[in-house]
Amino acid sequence: MAKQTINFTAAEIEALPLPEKGQRLEFYDIKVNHLLVRVSSTGRKTFQVYRWHDGKPSRVTIGVWPDLSVEQIRKEAQKLNADFARGDNPADKLKRQREEMTFSELFNIYIERHAKIKKGTWKEDQRYYERHLAAAIGRKKLSTISRKDIAAIHAKIGKTRQVHANRVLTLISSVFGRAIEFGLWEELNPCRGIKKFSEQTRDRFLNGMELARFFQAVEQEPNTTASDFFLVALLTGARRANVLSMRWSDIDLKNAT
């Protein structure tokens, strides 16, 4: 069966068809060799580099849409292709990392490959790790970290700071979640099933008069980059990190998408 190829743009990726339940579709990028997006029936879009190495097929996962921009995905794919060209197999390297990796090592990968790229608050993640996780599980091999270990950390912090405890639990879950996406962890997320402490919501919605004053303030904001950011975020509903990483290629002005 011939390869299906597309030009990887935000609009093209969003418009990809979904396969039947239990099936997957693959589409290759026309600009970067061996880069593909695998679409599942649930709508999950996973980017990979797939090529042959030493007579065997090798598949390396880069990440999922829309956590990375097209530009970031292509840049990472080019790095992987360079590794293959040098005779290295990145998939073997990831396998060795997975077999030997401690939580500390995984956390460093999470910071470099995800948090620093997508989160303006990545330094807060670093502080949470150093204060609550480094001593508790930092040196542990991933396979030895159980849900009981994580629940104990959550409960200990929650004795005095329940909201803080929930943020640490969210961080651990995110670290393992990214490990799964990057192909570094193939088991279930050990945070699954741990119940967070109840929090009092702080959500409040602007009334009509407040909303009018808000848009007036945005219009008068001298920092046009900031005002554009708030308007795009409000009018599209996109996540903060996605708006911050947005490129012109992600916007279709003609179709207003």
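Located above this text is the structure these notes cover.
Because the structure is predicted, anything quoted here is derived from the model rather than measured. (Residues numbered from 1 in each chain as written. Predicted model: local features only at pLDDT ≥ 70, side-chain atom pairs only at ≥ 80, totals over all residues. Heavy atoms only, no water.)

Participant: Now, about a positive patch on the surface: what can you tell me, with residues and values included?
Facilitator: Positive charge collects at one region of the surface, where Lys 123, Arg 127, Arg 131 and Arg 161 lie side by side. Its place among the elements puts Lys 123 in helix 5 (residues 122-137). Classification of Lys 123 by relative accessible area gives exposed; the value is 52%. (Patch = residues over 30% accessible without salt bridge, like charges linked within 9 Å, V, L, I, M, F, W, Y side chains within 5 Å. Areas by Shrake-Rupley, 256 points an atom, 1.4 Å probe, with all protein chains shown as cover. Salt bridge = Lys/Arg side-chain N within 4 Å of Asp/Glu carboxyl O. Lys, Arg positive; Asp, Glu negative; His and termini not counted. Charge placed at Lys NZ, Arg CZ, Asp CG, Glu CD. Helix = DSSP H or I, 4+ residues; strand = E, 2+ residues; numbered from the N terminus. Buried < 20%, exposed > 50% of the residue type's maximum accessible area, 1.4 Å probe, protein only.)

Participant: Help me get a handle on the packing of aromatic side chains, residues and values and all.
Facilitator: This structure, assessed with the given rule, holds 9 aromatic pairs. Plain terms: the ring middles of Phe 103 and Phe 176 are 5.9 Å apart, the flat faces sit at 40° to each other, and that makes the pair tilted. Of this pair, Phe 103 sits in helix 4 (residues 103-118) while Phe 176 is found in helix 7 (residues 162-181), placing the two residues 73 residues apart along the sequence. In this structure Phe 176 comes out as buried when scored by relative accessible area, which is 0%. Three or more aromatic residues joined by ring pairs make a cluster, and in this case those are Phe 103, Phe 107, Tyr 110, Tyr 129, Phe 176 and Trp 185. In this structure, Lys 3 is placed above the aromatic ring of Tyr 28, and the distance from its NZ or CZ to the ring centre is 4.5 Å. (Phe/Tyr/Trp six-rings, centres within 6.5 Å; stacked < 30°, edge-to-face > 60°. Lys NZ or Arg CZ within 6 Å of the ring centre and 35° of its normal.)

Participant: Go over the side chain of Lys 118, please, and point to the residues and values.
Facilitator: With respect to the element layout, Lys 118 can be found in helix 4. For the buried Lys 118, no salt bridge exists, and the shortest N-O distance to an oppositely charged side chain is 6.1 Å, to Asp 67. Of the polar contacts made by the side chain of Lys 118, one reaches the backbone oxygen of Asp 67; its length is 2.7 Å. Apart from residues lying up to four places away in sequence, Lys 118 is in contact with Pro 66, Asp 67, Leu 68, Gln 72, Ala 241, Asn 242 and Ser 245. (Polar contact = N/O pair within 3.5 Å; in protein donor to acceptor, adjacent residues only side chain to side chain. Contact = heavy atoms within 4.5 Å.)

Participant: Could you give an account of the side chain of Thr 61, with specific residues and numbers?
Facilitator: Take Thr 61: it is sitting in strand 5 (residues 56-64). On the basis of relative accessibility, which here comes to 17%, the residue Thr 61 falls in the buried class. Within the structure, the side chain of Thr 61 is placed 3.3 Å from the side chain of Gln 48, a separation counted as a polar contact. Ignoring sequence-local partners within four residues, the contact set of Thr 61 consists of Thr 46, Phe 47, Gln 48, Arg 113, Glu 181, Phe 182 and Gly 183.

Participant: Can you lay out the pairing of strand 4 (residues 45-53) for me, pointing to particular residues and giving the numbers?
Facilitator: Across the 9 residues that make up strand 4, a large majority, 7, are buried. Inspection of the sheet shows strand 3 (residues 35-40) paired to strand 4 by 5 bridges, in the antiparallel sense. Following the sheet pairing, Val 39 is matched in strand 4 by Lys 45. Counted between consecutive antiparallel strands, the loop separating strand 3 from strand 4 contains 4 residues, among which Gly 43 sits at a positive phi close to 95°. Two strands pair when backbone bridges link them, and strand 4 and strand 5 are joined in this way by 8 bridges, in the antiparallel orientation. Bridge pairing in strand 5 places Trp 52 opposite Pro 57. (Pairing = 2+ DSSP bridges.)

Participant: Now, about empty space enclosed by the protein: what can you tell me, with residues and values included?
Facilitator: Counted according to the given criterion, the structure contains 1 cavity of 30 Å³ or more. The volume enclosed by the largest cavity comes to roughly 40 Å³. Where the lining of the largest cavity is concerned, the elements lending two or more residues are strand 5, helix 4 and helix 7. Classifying every residue of the lining of the largest cavity by side-chain character gives 3 nonpolar, 2 polar and 4 charged. (1 Å grid on protein atoms, 1.4 Å probe; cavity = no way out; pocket = protein on both sides within 12 Å on 5 of 7 lines; lining within 4 Å. Points joined across faces, edges and corners; volume = space filled by probe spheres on them. Nonpolar A, V, L, I, M, F, W, Y, C, P; charged D, E, K, R; others polar.)

Participant: So, the nonpolar core: which residues are in play, and what are the values?
Facilitator: Phe 103 and Leu 133 are the most contacted members of the largest nonpolar core, which has 52 residues in total. Ranked by the residues each element gives to this core, the list is headed by helix 7, at 8 residues. Discounting chain neighbours no more than four positions away, the residues touching Leu 133 are Phe 103, Tyr 128, Gly 138, Ile 153, Val 168, Leu 171 and Ile 172. (Core = buried A, V, L, I, M, F, W, Y, C linked by side-chain atoms within 4.5 Å.)

Participant: Residue-level account of the sheet that holds strand 5, with values.
Facilitator: As summarised here, the arrangement of the 5 strands in space is 1-2-3-4-5, forming an open sheet in which the pairing is mixed. Looking at the sheet topology across the chains shown, the edges are occupied by strand 1 (5-6) and strand 5. Here strand 1 runs beside strand 2 (residues 24-29); their pairing, made up of 2 bridges, is parallel. Each residue of the ladder has a partner; that of Thr 5, found in strand 2, is Tyr 28. This element, helix 2 (residues 70-85), spans strand 2, strand 3, strand 4 and strand 5 of the sheet and lies at about 15° to strand 4. (Axes fitted to C-alpha atoms, helices over the stretch in contact; angles between N-to-C directions.)

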